[in-house]
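Below, each chain spelled out in residue letters.
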Amino acid sequence: METLFHKLKEYLHMDEEIPFEEFSRYYKDLISFLNSNFSEFNQDDCIKARFISTIVQGNADSRSKSSRNNGKAFKKMKIKCAFWADAINYRLLKEGINQQQIEEATQAVSDSI
C-alpha cells in the first residue's frame, strides 16, 4: 500500500499529466494489489486505498472526457475505481466507522500530501 501511496504523492506533485501508458500501469498495479490484499487491510490501509481509488477515479473521469483515443479505457478505469472506493467505504462502515469519520480520515490523508 505504501508503494502505491508514495507513487500517487509523486504524481500529485507533478506539473504535467502522466502519459496514458504510465497511468494505465499504475491503475493495473492498484487493482491487482486491491484484488490480492483487500482482505488483509487494516483501517489505515483501507483509508489510503479509498483515497487512492477516489483520486484515480476522478482523474480517469476527467481524462475520459478529453481523450479521443483512450476515452473508453479511462471510463472502464473510472468504473472499477468507483467500485473499489464504494467497497472499501462499505467495509469501513461495516466495521463501525461512520461516514463522517471516514471522510475526516480521508481528508487527513489528503492533507498529508
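All of the points below concern the structure found in this document.

About the thresholds
Residue positions are given per chain, counted from 1 along the sequence in the order it is written. With pLDDT at 70 or above as the cut-off, local features in this predicted model cover only qualifying residues; side-chain atom pairs require 80 or more to be listed or tallied, and sums for whole chains, interfaces and linings still use all residues. Each side-chain value is worked out from all heavy atoms of the structure, with water and hydrogens disregarded. A pocket, in this scheme, is an open set of points on a 1 Å grid over the protein atoms alone with protein on both sides within 12 Å along at least 5 of 7 lines, while a cavity is a set where a 1.4 Å probe fits but cannot get out; residues line either one if an atom lies within 4 Å of a point. Grid points are joined across faces, edges and corners, and a volume is the space filled by probe spheres set on the points. Runs of H or I in DSSP of at least four residues are treated as helices and runs of E of at least two as strands, each being numbered from the N terminus. Axes here mean lines fitted to C-alpha atoms, for a helix over just the part in contact, with angles spanning 0 to 180 degrees between N-to-C directions. Roughly parallel means an angle under 35 degrees; roughly antiparallel means over 145; roughly perpendicular covers 65 to 115; every other angle is labelled oblique. Any two residues whose heavy atoms approach within 4.5 Å at even a single point are treated as in contact. Under the grouping applied here, Gly and all other residues not named as nonpolar or charged are polar, the nonpolar ones being Ala, Val, Leu, Ile, Met, Phe, Trp, Tyr, Cys and Pro and the charged ones Asp, Glu, Lys and Arg. Salt bridge, as applied in this entry: a Lys or Arg side-chain nitrogen positioned within 4 Å of an Asp or Glu carboxyl oxygen.

## Considering the layout of surface pockets
A volume near 220 Å³ is recorded for the largest pocket. Around the largest pocket, the lining comprises 13 residues; the ones closest to its centre are Y11, I18, F23, N59 and R63. Going through the elements one at a time, helix 1 (2-12), helix 2 (20-37) and helix 3 (43-66) are the ones with two or more residues in the lining of the largest pocket. Ranked by the residues each element gives to the lining of the largest pocket, the list is headed by helix 3, at four residues.

## Observations concerning the packing of helix 3 against helix 5 (residues 99-111)
Where helix 3 contacts helix 5, the two axes come as close as 9 Å, and the packing angle between them is 75 degrees. Judged on the interaxial angle alone, helix 5 and helix 3 are roughly perpendicular. Residues I47, K48, R50 and F51 of helix 3 form the contact with helix 5, whose own contacting residues are Q99, I102, E103, A105, T106, V109 and S110. Among the residues making up the contact of helix 3 with helix 5, the classes are represented as five nonpolar, three polar and three charged.

## Concerning the environment of F20
Tracing the backbone through its elements, the reader meets F20 in helix 2. Counting along the chain gives 53 residues from F20 to A73, while the straight-line C-alpha distance between them is 9.6 Å. Residues contacting F20, with those up to four places away along its chain left out, are R63, N70, A73, F74 and M77.

## Observations regarding the pattern of salt bridges
This model, assessed by the stated rule, comprises eight salt bridges. The closest approach of N and O atoms between R63 and E17, which form a salt bridge, is 3.8 Å. Within this pair, whereas R63 is found in helix 3, its partner E17 is found in the loop between helix 1 and helix 2, the two being separated by 46 residues in sequence. Its salt-bridge partner being K78, residue D61 comes within 3.4 Å of it at the nearest N-O pair. With D61 in helix 3 and K78 in helix 4 (residues 71-94), the pair connects residues that are 17 residues apart, well separated along the chain. Here the residues in one salt-bridge network are E2, D44 and K48, joined through shared partners.

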